[in-house]
Amino acid sequence: MNTYRGKVLSKFGDNISTDDMTSAKYITSHEPKEVAKICMRDIDPEFPAKMAPGGILVAGKNFGCGSSRETATIAVKAAGTQVVIAESFARIFYRNGFNIGLPCVECPGIHDATDVGDEIEIQYSEGKIINHTKGTALEFVPIPESLFHQIEVGGLFPLIREKLEKRSKNTN
Amino acid sequence: MGMTITEKILAKASGNEKVVPGQIVVAKVDLAMIHDALGPLFYPNFRKLETPVWDPNKVFIVVDHAAPASTLSQAEWLSHNYDFVRDYKIPNFINNQGVAHQIIPEGGHILPGQIAVGTDSHTCTYGGLGAFSTGIGSTEMCNVLALGELWFRVPETIKVVITGKLPRRVMAKDIILKLLSMIGVDGATYKTLEFCGETVDEMSVDSRLTLCNMAIEAGAKNGICTPDEKTVKYLMDAGVKREDIEMLKSDDDAAYCQEIHIDVTDLEPHVAIPHSPANAVPVTEVEGTPLNQVLIGTCTNGRVEDFIAAAEIIKGHKIPNMMRCLIMPASNKIYAELARNGCMEIFAEAGCVLLNATCGACGGFHEGLLFKGEACLGTHNRNFKGRMGSPEAKIYLASPATAAASAITGVITDPRKI
């Protein structure tokens, strides 16, 4: 997954909170497909309909601020989001994203340079984002290798099992 | 170059002599807090690992969010907590006795210099006792329960120096709201907020917990205060032995990425207006704003001193007929103390709603949701749009004194004028 090319299907501004993503009042189930249905309901009720598998979500500063609820990242991913590119992320959301296999790319300048419908190519190792629709490019600090590996294996969970096995081998 | 208190804690827990900001370390965890709403997200995966909990004595499972359940789906997720506690023999199971962020400090379960993680962003509260404490997601908690450790990027530290004597009816909450208005909701992202200065030295441990509770509202990884004799007394009252308490502080030559000074001598009560905790303005700018509900309590301001401040203002008054004034202590222990010291009687006679110790309406779970067009002023920590119900409701944040003054008048009121 060194390079990903897809379409920007949704765009948000600054300080989108985990309450926006999965508001407690709407949660009736923790199932990914259920939380996806309520994702962003208070701020963009059309979000689940707009986002489709493989879609790119672009946002402003401090994306995912607020609570540590992992349902927020699960909902964004289950709605179809392949990758979130934001000006900056709140730290718990950022970690949660990689932990469930949703890459979060911090790319200053992305919000103003991108519109819904743009065709984007993300070159993960090079730290480069090419906007094929507009013919522009932006740079970002490449994702640390350990987090990149986490995305490749599908999140943190498989690595917990790996670490447990390693530990039991060492003690045997 | 010396180390900050946060760097010292992370160095020790990761087996390093010294750590520097930006360094990634794997640290051993001293306390893992799981609450009812987010535990069930990882319990099925943890069961798949077929491994015991690394150290059940270090795990606290706290039912505080859906406490007690108001819907069938909440009742279902509670049942998953009960099953997990039973199956994995978790000794520290706190069921409907208060909010984790009060239960953990008041029980003496976390000590200065220790590392705590919790499946709640306000886990940063325990920094008020001099611990490194931060919120994590459910999958990371699965990692902690299996392995007893977690990776951290050593944060840069912002030193917040607070000086001066707090004026009458101005509280720690007003300081943290003021700070948030200065640095913004992402002013401390990935960083530590270290609170120091004579005002912090003078304030109670409860007030320090209020400061640290809202560190996350600036995006901080953790908030922290230097442990002192007040910390020791607080913990010894909770049953901790003095010899078990490690006193540590930042070195004089520790490096800070930023230094912020706040003189509270002339600080006004502050109110965060919708829809951000960083939208704080002096109360005088929003006086007279009509309210439908006041919430006094929560993990931010649900402690004894908070209710004493509120009771002093509410005593002898009646809550207006169209106002709901919710009283929600942060724990049963606090509830009992308020019953003993007369506060509960004052609240009941004034016409307040006496609620159990829970996260309640703060998280939008139950007990006080807002309809469109309604306005609530609360002593909690977050006023995001839609958090307490309708996205068309307005949420204001303030101190217990401002909340109490507003409860008896029905409009946002300067507590200094009561």
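Residues numbered from 1 in each chain as written. Chains lettered and ligands numbered in written order. Predicted model: local features only at pLDDT ≥ 70, side-chain atom pairs only at ≥ 80, totals over all residues. Heavy atoms only, no water.

(A) Representation of the nonpolar core. Counting residues in each nonpolar core, the largest one holds 56 residues, and the members touching the most others are Phe63 and Ile85 of chain A. In this structure Phe63 of chain A touches Ile16, Met21, Met40, Leu57, Val84, Ala86, Ser88, Phe89, Ala90 and Phe93 of chain A, once residues within four positions along its chain are discounted. Core analysis: the next-biggest nonpolar cluster, separate from the first, contains 45 residues, Ile176, Cys212, Leu295 and Ala393 of chain B among them. (Core = buried A, V, L, I, M, F, W, Y, C linked by side-chain atoms within 4.5 Å. Buried < 20%, exposed > 50% of the residue type's maximum accessible area, 1.4 Å probe, protein only. Contact = heavy atoms within 4.5 Å.)

(B) Just unusual backbone geometry, in detail. Residues and elements named next belong to chain B. With an omega of -15°, the peptide bond between Ala67 and Pro68 qualifies as cis. Mapping Pro68 onto the fold places it in the loop between strand S3 (59-63) and helix H3 (72-87). With an omega dihedral of -5°, the bond running from Pro274 to His275 counts as a cis peptide bond. With respect to the helices and strands, the residue His275 is situated in the loop between strand S12 (270-272) and strand S13 (280-282). (Helix = DSSP H or I, 4+ residues; strand = E, 2+ residues; numbered from the N terminus.)

(C) Region of interest: the pattern of salt bridges. Considering all chains together, one arrives at 28 salt bridges over all chains under this definition. A salt bridge links Arg169 of chain B to Glu312 of chain B, with the nearest nitrogen and oxygen atoms 3.1 Å apart. Separated by 143 residues along the polypeptide, Arg169 of chain B in the loop between strand S8 (157-163) and helix H6 (172-183) and Glu312 of chain B in helix H11 (residues 304-314) bring together distant segments of the chain. Linking Glu268 of chain B and Arg416 of chain B is a salt bridge whose minimum nitrogen-to-oxygen distance equals 3.5 Å. Highlighted residues: Glu268 of chain B in the loop between strand S11 (258-263) and S12 and Arg416 of chain B in the segment after helix H14 (400-409), separated in sequence by 148 residues. Beyond isolated ion pairs, a larger network of salt bridges with shared partners links Asp19 and Arg69 of chain A together with Arg387 of chain B. (Salt bridge = Lys/Arg side-chain N within 4 Å of Asp/Glu carboxyl O.)

(D) Representation of the interface of chain A and chain B in the model. Residue-level contacts link 40 residues of chain A with 47 residues of chain B. Applying the counting criterion to the chain A and chain B interface returns three salt bridges. Between the two partners, chain A and chain B, sit 19 residue pairs in polar contact (both at pLDDT 80 or more). Of all the secondary structure elements, the ones that give two or more residues to the side of chain A that touches chain B are helix H1 (18-21), helix H4 (71-78), helix H5 (91-100) and helix H8 (157-171) of chain A. If one sorts the elements of the side of chain A that touches chain B by residue count, H5 of chain A sits on top with seven residues. In terms of residue class, the side of chain A that touches chain B is made up of 14 nonpolar, 13 polar and 13 charged. (Polar contact = N/O pair within 3.5 Å; in protein donor to acceptor, adjacent residues only side chain to side chain. Nonpolar A, V, L, I, M, F, W, Y, C, P; charged D, E, K, R; others polar.)

(E) Up close: the pairing of strand S1 (residues 3-11) of chain A. Residues and elements named next belong to chain A. Pairing of S1 with strand S5 (residues 119-123) involves five bridges; the strand directions are antiparallel. Looking across to S5, one finds that Arg5 is bridged to Glu121. Here S1 pairs with strand S2 (residues 55-59) via three bridges, running parallel. Each bridged residue has a counterpart across the sheet, and for Ser10 the counterpart in S2 is Leu57. (Pairing = 2+ DSSP bridges.)

(F) Inspection of the side chain of Asp174 of chain B at higher detail. All names here are of chain B. Residue placement: Asp174 occurs in helix H6. Here Asp174 is buried and forms no salt bridge, its nearest opposite-charge partner Lys173 lying at an N-O distance of 7.9 Å. Engagement of the side chain of Asp174 in a polar contact is seen with the backbone nitrogen of His270, the distance being 2.8 Å. For Asp174, the residues in contact, after removing those within four places along its chain, are Arg169, Leu267, Glu268, Pro269, His270 and Ser399. (Lys, Arg positive; Asp, Glu negative; His and termini not counted.)

(G) Structural view of the domain arrangement of chain B. Residue and element names in this part refer to chain B. What the domain assignment lists for chain B is domain 1 (5-262) and domain 2 (270-417). Here domain 1 and domain 2 have C-alpha centroids that lie 24 Å from each other. Between domain 1 and domain 2, a total of about 3,300 Å² is buried, with carbon and sulfur atoms accounting for 53% of that surface. Looking at the side of domain 1 facing domain 2, the largest losses of area belong to Arg169, Met171 and Lys173, adding up to 20% of the total buried there. In this assembly, domain 1 and domain 2 are joined by two salt bridges. If you look at where domain 1 meets domain 2, you find 29 residue pairs in polar contact (both at pLDDT 80 or more). Where the side of domain 1 that touches domain 2 is concerned, the elements lending two or more residues are H3, helix H4 (100-106), H6 and helix H8 (205-213). (Domains from an automatic or database assignment. Buried area = accessible area lost by both parts, 1.4 Å probe.)

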